[in-house]
Amino acid sequence: MIGILGGTFDPVHLGHLHAARSVCDRLGLASVHLMLSARPGHRDAPLAPMAARWEMLRLACAEDLRLVPDDRELRRAERIGRPSWTVETLEEMRAETPHESVAWVIGSDALAGLDTWHRWTELLDLAHLVVLRRPGAELPASGPVAALLAAARADADDPTFRQTPQGTIVVLDVPMLRVSATSVRSALGAGRSVDDLLPRSVSTYIWQHQLYGVRSDPGSTA
Ligand code: ATP
């Protein structure tokens with residue numbers, strides 16, 4: 001089984017790294033890929049250039065062999081001349097390795113908006129969804145996503161999850177860090193410390209390249 005945490009990583013933060021490590025631990029996976037989206041059509045445009053987001057992702061993943069930076073969606077976007085929707089990326093992976101299970105990892109905030117994703121009803125034909133409960137974002141209790149969750153939910157030890165390549169939703173009850181890229185950007189913009197939010201390598205990169213409105217390295221004044 002391959003685990004994939006997709007995101008805009010604008011920037012990648014400790015919440016992402018903790019989430020990926022928790023998935024490795026709880027599902028017994030050797031690694032989780034952190035797959036950068038070129039420019040997701042269904043949310044606001046990212047604030048850091050794609051090359052910078054990729055570099056920060058590489059730096060963050062270099063600290064743990066289980067975390068693999070993955071540029072598949074970037075390469076695909078370049079090839080097709082537009083952003084790749086998750087469903088298309090999964091189709092491409094399925095075509096390449098038809099028997100490999102894919103666990104597409106999302107936070108509960110992303111699950112709540114799943115019905116805004118392109119061809120969202122087809123996602124479970126291509127992968128399992130692994131949902132991490134994110135502080136402040138409950139699981140949907142009503143509506144089409146709640147109905148899908150009720151129909152497809154499985155336990156992490158369930159044979160349907162373990163032995164089939166796609167089709168279930170597993171909710172992992174592991175405590176997630178209360179960090180978001182939005183809170184990181186606003187801390188940086190306000191000159192507050194991001195020591196508890198970002199790996200050191202990423203904050204250094206941000207200061208060196210003066211991303212997100214920072215002007216100087218707060219490390220020099222902190
Ligand atoms: P933003 O604040 O800009 O919306 P974000 O912090 O949610 O960004 P994304 O790159 O959009 O980061 O997230 C990628 C994926 O990681 C999503 O599925 C999201 O739910 C999940 N995720 C982000 N932060 C956490 C966290 N602290 N705990 C668990 N999952 C997270």
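Our subject is the structure that appears above.
Procedures and definitions
Residues numbered from 1 in each chain as written. Predicted model: local features only at pLDDT ≥ 70, side-chain atom pairs only at ≥ 80, totals over all residues. Heavy atoms only, no water. Core = buried A, V, L, I, M, F, W, Y, C linked by side-chain atoms within 4.5 Å. Buried < 20%, exposed > 50% of the residue type's maximum accessible area, 1.4 Å probe, protein only. Contact = heavy atoms within 4.5 Å. Helix = DSSP H or I, 4+ residues; strand = E, 2+ residues; numbered from the N terminus. Pairing = 2+ DSSP bridges. Right-handed = clockwise from strand over helix to strand, strands pointing away. Lys, Arg positive; Asp, Glu negative; His and termini not counted. Salt bridge = Lys/Arg side-chain N within 4 Å of Asp/Glu carboxyl O. Polar contact = N/O pair within 3.5 Å; in protein donor to acceptor, adjacent residues only side chain to side chain.

### Description of the nonpolar core
Then comes step 1: With 49 residues, the main nonpolar core has Val12, Leu34, Met56, Leu172 and Ile206 as its most contacted residues.
Then comes step 2: Not counting residues within four places of it along the chain, the set of residues in contact with Ile206 comprises Pro11, Met56, Leu188, Leu198, Leu211, Tyr212 and Val214.
Then comes step 3: The next biggest cluster of nonpolar side chains, apart from the first, holds 25 residues, and it includes Met35, Met93, Leu149 and Ile169.

### Structural notes on the pairing of strand 5 (residues 128-132)
Then comes step 1: Most of strand 5 is tucked away, with five of its five residues classed as buried.
Then comes step 2: Judged by which residues are buried, strand 5 turns out to be covered on both faces: His128, Val130 and Leu132 on one side and Leu129 and Val131 on the other are all buried.
Then comes step 3: Looking at chain direction, strand 4 (residues 102-107) and strand 5 are connected through five bridges and run parallel. Among the inter-strand pairings, Ala103 is bridged to a residue of strand 5, identified as His128.
Then comes step 4: Sheet analysis places strand 5 next to strand 7 (residues 169-172), joined by four bridges and oriented parallel. Opposite Val131, over in strand 7, you have Val171 as the bridge partner.

### Considering the pairing of strand 2 (residues 32-36)
Then comes step 1: Of all five residues that make up strand 2, five are buried, and the element is covered over most of its length.
Then comes step 2: Side chains Val32, Leu34 and Leu36 of strand 2 all project onto a buried face; the interleaved residues His33 and Met35 project onto the opposite face, where all are buried too.
Then comes step 3: Examined bridge by bridge, strand 1 (residues 2-7) and strand 2 share five bridges and lie parallel to one another. When the sheet's bridge partners are listed, Gly7 is paired in strand 2 with Leu36.
Then comes step 4: Once you follow strand 1 into helix 1 (residues 14-27) and on to strand 2, the crossover reads as right-handed.
Then comes step 5: Sheet topology note: the strand 2/strand 3 (residues 67-70) ladder contains four bridges and is parallel.

### A short note on the side chain of Asp70
Then comes step 1: Position of Asp70 among the secondary structure elements: in strand 3.
Then comes step 2: Within the buried set, Asp70 has no salt-bridge partner at all; the shortest N-O distance to an opposite charge, 4.5 Å, is to Arg75.
Then comes step 3: Looking at Asp70, its side chain comes within polar contact range of the side chain of His33, at 2.7 Å.

Everything listed here is a matter of coordinates, which is why it stays silent on function.
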